[in-house]
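The primary structure of each chain is shown beneath.
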Amino acid sequence: MTVHQSTDNSSGVKRTVRNTLFALVAMVGFTIALVPLYDVFCEITGLNGKTADSAQVISATGVDTSRTVRVQLVTRSAPGLPWRLEAINQVVTVHPGEVAQARFRFTNTSDQRLSGRAVPSVSPSQGARHFRKMQCFCFQEQWLAGGESLELPLVFQVDPALPDDVATLTLAYTLYPMGEEIALGGLHD
Amino acid sequence: MKRFALTGICFLLLAALMAGSTYAASINTSTGWNMPPGVTDVSREVYSLHMTIFWICVAISVVVFGAMFWSLFAYRKSKGAKSAHFHENTTVEVIWTAIPLVILIVMAVPATATLKKMYDTSNAEIDILVTGYQWRWRYEYLGEDVSFFSNMSTPRDQIQGLEEKGDNYLVEVDEPMVVPLGKKVRILLTANDVIHAWWVPDLAVKKDAIPGFINESWFLVNEPGIYRGQCAELCGRDHGFMPIEVKAVPQEEYDAWLASRRDAAVAEAAGADREWTMDELMERGAGVYNTYCAACHQPEGQGLPPVFPALAGVGMSVDPEQRAEHIAMVAYGKTGTAMPAFGDTLSPAEVASVITYERNAWGNDTGDMVQPSEIRDLLGK
Amino acid sequence: MTPETTQSVSQHSVSDVASGHDAHAHGHAPTGLMRWLLTTNHKEIGTLYMLFSLLMLFIGGTMALVIRAELFQPGLQYVQPEFFNQMTTMHGLIMVFGAIMPAFVGLANWMIPLQVGAPDMALPRLNNFSFWLLPVAFTTLLATLFMEGGGPNFGWTFYAPLSTTYAPPSTNFFILSIHLAGISSILGAINIIATILNLRTPGMRLMDMSLFVWTWLITAFLLIAVMPVLAGVVTMMLLDINFGTSFFDAAGGGDPVLFQHLFWFFGHPEVYIMILPAFGIVSLIVPAFARKRLFGYASMVYATASIAILSFVVWAHHMFTVGLPLTAELFFMYSTMLIAVPTGVKVFNWIATLFRGSISFETPMLFSLGFIVMFTIGGLSGVMLAIVPADFQYHDTYFVVAHFHYVLVPGALFAIMAAAYYWMPKWTGHYANETLGKWHFWLSVIGVNLTFFPMHFSGLAGMPRRIPDYALQFADFNMLSSIGGFLFGFSQLIFVWVVIKAVRGGVKAPAKAWEGAEGLEWAVPSPAPLHTFDTPPEFVPERDSPSRHSDH
């Protein structure tokens, strides 16, 4: 009787272990999938002020001239890159649906050729997904020779679907070096 | 026995409250043991929401603990209680699932309304960009051309117990954020290095400042005064030492303050137009060093290796070959460390003097001087 | 029936057949240290787990006292901020992963086979391995304190980028130790699930199991679900630190907030992992000393399952201030508040069990009653924390510290103490000394309330957590907390004394040590012999049993 019961147990245990291991593997997969899922989720909901990370096409929903939205452009530089990033137009007032442009100036104040990337973030977050960028330097890294200065445009459109209570959209760019070893290579030791 | 213990606890707590006058007055509108009602409409709404939930919780505890302690008392075995046999009752179980649900809905309704109000940042008249640094705040008045760091001003000796602690110990700064009364102020939050959180209890504003991302919140103060807060997200070594001070003043005073900040910035920039002497640079540099550098690199330049390198006697600050690297380090900062880009935020005179100071203090004695004009030309300002 | 079992080769093989392994290694039992290193016996492994967790409780407790000593007065007296941050971090990690969780696993090891009538855990060798991972993990973790740059200093929640780009060099070892502790938990959970689902004595259906077994079954599923997420998070940290990826670094297109979402997706179920088995323990002890069947057994099971399921949709209530969109804040506020419903059901059921019982107040009962009261206080402050606008004021203050210590110390820890006193006769054959037990309880109650109650006040008044020094207005409450902390800490030495006394002697216990206790564990002699239930015991479901009358 004991032996009989034990055999039953052992196949049951094997099955349970197999199932739990399967669940475990599924959870590991789920965890890995969470990273891209989170990005997709952020893009759809504007969570965390994230905007699409590739150029969007102009949406032809018409211009809503009854409303104006203040688009505020803010720039910051993270440590480690001898560049300056300035918003030439600090505030652009647009009607929802209208295609507008803002200009930024990148200046490399060092004498080395260096690369950097400006990472965008939009606030308030419920406005982020309604901020559509047609052309933006934020999608790729920029290279500047020593002392070089470059003006780059941001072409954007505020979706007329922007919630009514959002009257100001702030777009902040933080300039980061691409790979610290390039940026200030010999300087750290 | 249990009652005795509870009485004891209550007594001790009461004693604590009565002893509450040992130290300085409250740093906010709190009574010292409760949430501060604060000085904005929103903060008062949050306070009353807090008190409502609190009293609901007290009422629940009275009922629940009342029933429990009464059962414990009435059905003691030592008094000969015999146990009953029931072990379920669907009606009762449904009732006590439903009642909490109703109570929760009662709580959720006002909470939702208040939250919606707190999220409405529209129609703000002033925008201030708040950036968290390890371990100071930077305020940038957008469109006003005014920006500055706000550092804790409590002397180190008070912290180490060498000097008597002042009333605003650890919650005082050198340059407060100044805002006008009666104007909706929108703050945009970000960080330079790690995550910080900007919290002023009297304004009921707490929001994380996240590197690379931007958050926002708002407040509107009607009562003049100084409102103090602290960083509320662990951000490293001196997390406990990055206070916030918001000074609410009448509009005219605010305008005058803005003008004086602009004038001071112009005067500061003009410092780069002249030649400084070694003594001038060392004196200015010592002040800048103690405010911006000493927390990590330590007052005597010994650092806290391996995270915060020493400056005294070693490395680029004593190497005559590395003068340019030293300048670049201070001006541009170092990626992935607490070393920010001071070239962006301090004046050429401040950057030049602190580099000169680091190259000559604590026996470094390189004799190197860095002139403010050199920094200005380097940064192209 | 109570089979008087003795050690024999055949019984060894029964337990090993259950695991699907050969029993060739059991010809002669090793002795001394090797016996403990190689043991596959669930009781010995359970004992090892509990002794380990007791050691960790004292190490983590010592760190808490370093913190409380520094906070006794304003100013920096004994430690510098960088060491203070290491203490807060290590205290949290050690208490969560080293003290509370292993203690529950130890109790599961000892009691689940006894309560379901199984000869051993389903996978005895794996059981040995999961335990011995823990000393390795925590030796590694503690060793980081002595490395250059010190140990982890970023809080037990290790938010990036403070824990990645800005972390001390020892962080790789921290990640390694979290991985090891995580693997240990996962293997333990698999073993527990396999035991409960397959080794129950014939006739015992799932709805006949003791609530301790039920809560552990649910807990084990939670562990399987979320430990991989923790492992994933620390692996991403490892990659960010060493291999140039940027999961959590905005500079490379990553997002520090992603870290928090992932961490709390693990972290909130983790909170319930530390409290569900406590619910199970209290649900056994309260009926035993009220001499009355547990009220609402089925609703207890459903409430536990509901809490477990809800725990997956509330994680962002730890992140109300990170700037989530309004709709997300509202969703997480409502879902969090909803947890109060099943939790309330549990508390009401316990009180209904007390109602019209025949109650006596032995030490296990005292700790259980203390649990109900103080866990409820922690639960109510939890409801307050769910209210988002108010949470903006509470978040990251001592109010939060008070809240989670109320649910973890007089909550989880008191339940563990209650379990230890309750089953001490079964483990050692002797009752725990009742006088010392009562001293232990009352000093703990006073100490714990004196430590944590004032934290509500200092937090509300505006004291942020994780700061080594504070503004003067918080001085009085901190002084009280520190006095309470030392009282509570030193009171736990009484427990060590109680355990030593019970192991060495004391009042002998019969098989059924408590008059009102129910469950198969009371069918075996006290102390329980090394091998029990080699043949499955006869089981009469409680609902059919005429027992538990007060006629005696």
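Residues numbered from 1 in each chain as written. Chains lettered and ligands numbered in written order. Predicted model: local features only at pLDDT ≥ 70, side-chain atom pairs only at ≥ 80, totals over all residues. Heavy atoms only, no water.

So, about the interface of chain C and chain B. In this complex, chain C contributes 112 residues to the contact, which on the side of chain B involves 107 residues. Of all residues in chain C, Tyr166(C), Gln393(C) and Leu472(C) bury the most surface against chain B, accounting for 8% of the area lost on that side. In this structure, the connection of chain C to chain B is made through 2 salt bridges. Between Glu515(C) and Lys77(B) there is a salt bridge whose closest N-O contact spans 3.9 Å. Elements with a minimum of two residues in the side of chain C that touches chain B: helix H4 (81–116), helix H8 (256–273), helix H11 (326–338), helix H12 (340–354), helix H13 (363–386), helix H14 (388–394), helix H16 (434–461) and helix H17 (475–504) of chain C. At 10 residues, the largest contribution of residues to the side of chain C that touches chain B is made by H16(C). Residues that form the side of chain C that touches chain B fall into these classes: 67 nonpolar, 29 polar and 16 charged. (Contact = heavy atoms within 4.5 Å. Buried area = accessible area lost by both parts, 1.4 Å probe. Salt bridge = Lys/Arg side-chain N within 4 Å of Asp/Glu carboxyl O. Helix = DSSP H or I, 4+ residues; strand = E, 2+ residues; numbered from the N terminus. Nonpolar A, V, L, I, M, F, W, Y, C, P; charged D, E, K, R; others polar.)

Residue and element names in this part refer to chain C. With their axes 11 Å apart at the nearest point, helix H9 (residues 276–290) and helix H10 (residues 297–310) run at an angle of 170 degrees to one another. With respect to each other, H9 and H10 are oriented roughly antiparallel. Every residue of H10 that contacts H9 at Leu276, Phe279 and Ser283 is listed here: Met300, Thr304, Ile307 and Ala308. Here the residues of the contact of H9 with H10 are counted per class, giving 5 nonpolar, 2 polar and no charged. (Axes fitted to C-alpha atoms, helices over the stretch in contact; angles between N-to-C directions. Parallel < 35°, antiparallel > 145°, perpendicular 65-115°, else oblique.)

Splitting chain B by domain gives domain 1 (34–72 + 91–120), domain 2 (126–156 + 169–268) and domain 3 (274–379). Between domain 1 of chain B and domain 3 of chain B, the C-alpha centre-to-centre distance is 54 Å. (Domains from an automatic or database assignment.)

Attention now goes to a nonpolar patch on the surface. Taken together, the side chains of Leu101(B), Val102(B), Val106(B) and Leu338(C) make up a nonpolar region of the molecular surface, amounting to roughly 320 Å² of accessible area. By residue number, the principal contributor to the nonpolar patch is helix H3 (residues 90–119) of chain B, which donates 3 residues. Within the fold, Leu338(C) resides in helix H11. (Patch = residues over 30% accessible without salt bridge, like charges linked within 9 Å, V, L, I, M, F, W, Y side chains within 5 Å. Areas by Shrake-Rupley, 256 points an atom, 1.4 Å probe, with all protein chains shown as cover.)

The next point concerns the state of the cysteines. Residue and element names in this part refer to chain B. For the structure shown, the criterion picks out 0 disulfides over all chains. Distance from the sulfur of Cys231, which forms no disulfide, to the nearest cysteine sulfur (Cys235) is 3.9 Å. The class of Cys231 is buried, set by a relative accessible area of 1%. Summary of cysteine pairing: Cys293 is not part of a disulfide, and the nearest cysteine sulfur, belonging to Cys296, is at 8.7 Å. Assessed through its relative accessible area of 8%, Cys293 is described here as buried. (Disulfide = S-S within 2.5 Å. Buried < 20%, exposed > 50% of the residue type's maximum accessible area, 1.4 Å probe, protein only.)

On to the sheet that holds strand S1 (residues 69–77) of chain A, then. Residue and element names in this part refer to chain A. Taken together, 5 strands build an open sheet; the order of strands is S3-S1-S9-S5-S7 and the sheet is mixed. Taken across any chain shown, the strands that pair with only one partner, and hence form the sheet edges, are strand S3 (91–94) and strand S7 (142–144). Across the sheet, the axes of successive neighbouring strands diverge by a mean angle of 30 degrees, strand direction being ignored. Bridge analysis of strand S5 (residues 114–123) against strand S9 (residues 168–177) gives 8 bridges, and the strand direction is antiparallel. Each residue of the ladder has a partner; that of Gly116, found in S9, is Pro177. (Pairing = 2+ DSSP bridges.)

Right, let's talk about the sheet that holds strand S2 (residues 136–141) of chain B for a bit. All names here are of chain B. Taken in spatial order, the 5 strands make up an open sheet running S3-S2-S1-S5-S8, and their pairing is mixed. Since the sheet does not close on itself, it has two edges, and those belong to strand S3 (146–150) and strand S8 (215–219), each with one partner. The mean angle between the axes of side-by-side strands here comes to 25 degrees, regardless of whether they run parallel or antiparallel. Taken together, the 5 bridges between strand S5 (residues 185–191) and S8 define a ladder with antiparallel strand orientation.

Below, the discussion takes up the interface of chain A and chain C. Counting residues at the interface gives 27 residues for chain A and 36 residues for chain C. At the boundary of chain A with chain C, total buried surface from both sides reaches about 2700 Å², with 73% on carbon and sulfur atoms. Our count for the chain A to chain C interface comes out at 0 salt bridges. Summed over the shared surface of chain A and chain C, the number is 3 residue pairs in polar contact (both at pLDDT 80 or more). Of all elements in the fold, only helix H1 (2–45) and S5 of chain A reach the threshold of two or more residues within the side of chain A that touches chain C. It is H1(A) that contributes the most residues to the side of chain A that touches chain C, 20 residues altogether. (Polar contact = N/O pair within 3.5 Å; in protein donor to acceptor, adjacent residues only side chain to side chain.)

One pass over the structure, following the stated rule, counts 29 salt bridges over all chains. The partner of Arg70(A) in a salt bridge is Asp127(B), with the nearest N and O atoms 2.7 Å apart. Separated into two different chains, Arg70(A) in strand S1 and Asp127(B) in strand S1 (residues 126–133) make up a pair that spans both. Between Arg323(B) and Glu374(B) there is a salt bridge, and its shortest N-O distance comes to 2.7 Å. Taken together, the residues span a long stretch of sequence, with Arg323(B) in helix H7 (residues 323–332) and Glu374(B) in helix H10 (residues 372–379) at a distance of 51 residues.

Residues and elements named next belong to chain A. Here chain A averages 80 in pLDDT, while 84% of its residues score no lower than 70. Put simply, helix H3 (residues 180–183) is where chain A has its lowest mean pLDDT, 43, and S3 is where it has its highest, 91. Segment residues 1–7: pLDDT under 50, and 6 contacts once partners within four positions in sequence are set aside and those in other chains are kept. A low-confidence stretch, residues 180–189 (pLDDT under 50), is modelled with 23 contacts involving residues beyond four sequence positions or located in other chains. (pLDDT = per-residue confidence, 0-100.)

Once that is clear, we can look at the pairing of S1(B). All names here are of chain B. Buried residues dominate S1, accounting for 8 of its 8 residues. What you see with S1 is no split at all: Ile126, Ile128, Val130 and Gly132 on one side and Asp127, Leu129, Thr131 and Tyr133 on the other are buried throughout. As defined by bridge partners, S1 adjoins S5 across 7 bridges and the pair is classed as parallel. Looking at the pairing, Val130 lines up with Leu189 of S5. Relative to S2, S1 runs antiparallel, the two sharing 6 bridges. The residue bridging Ile128 from the neighbouring strand is Tyr141, located in S2. Once S1 ends, the chain turns through 2 residues before running back antiparallel as S2.

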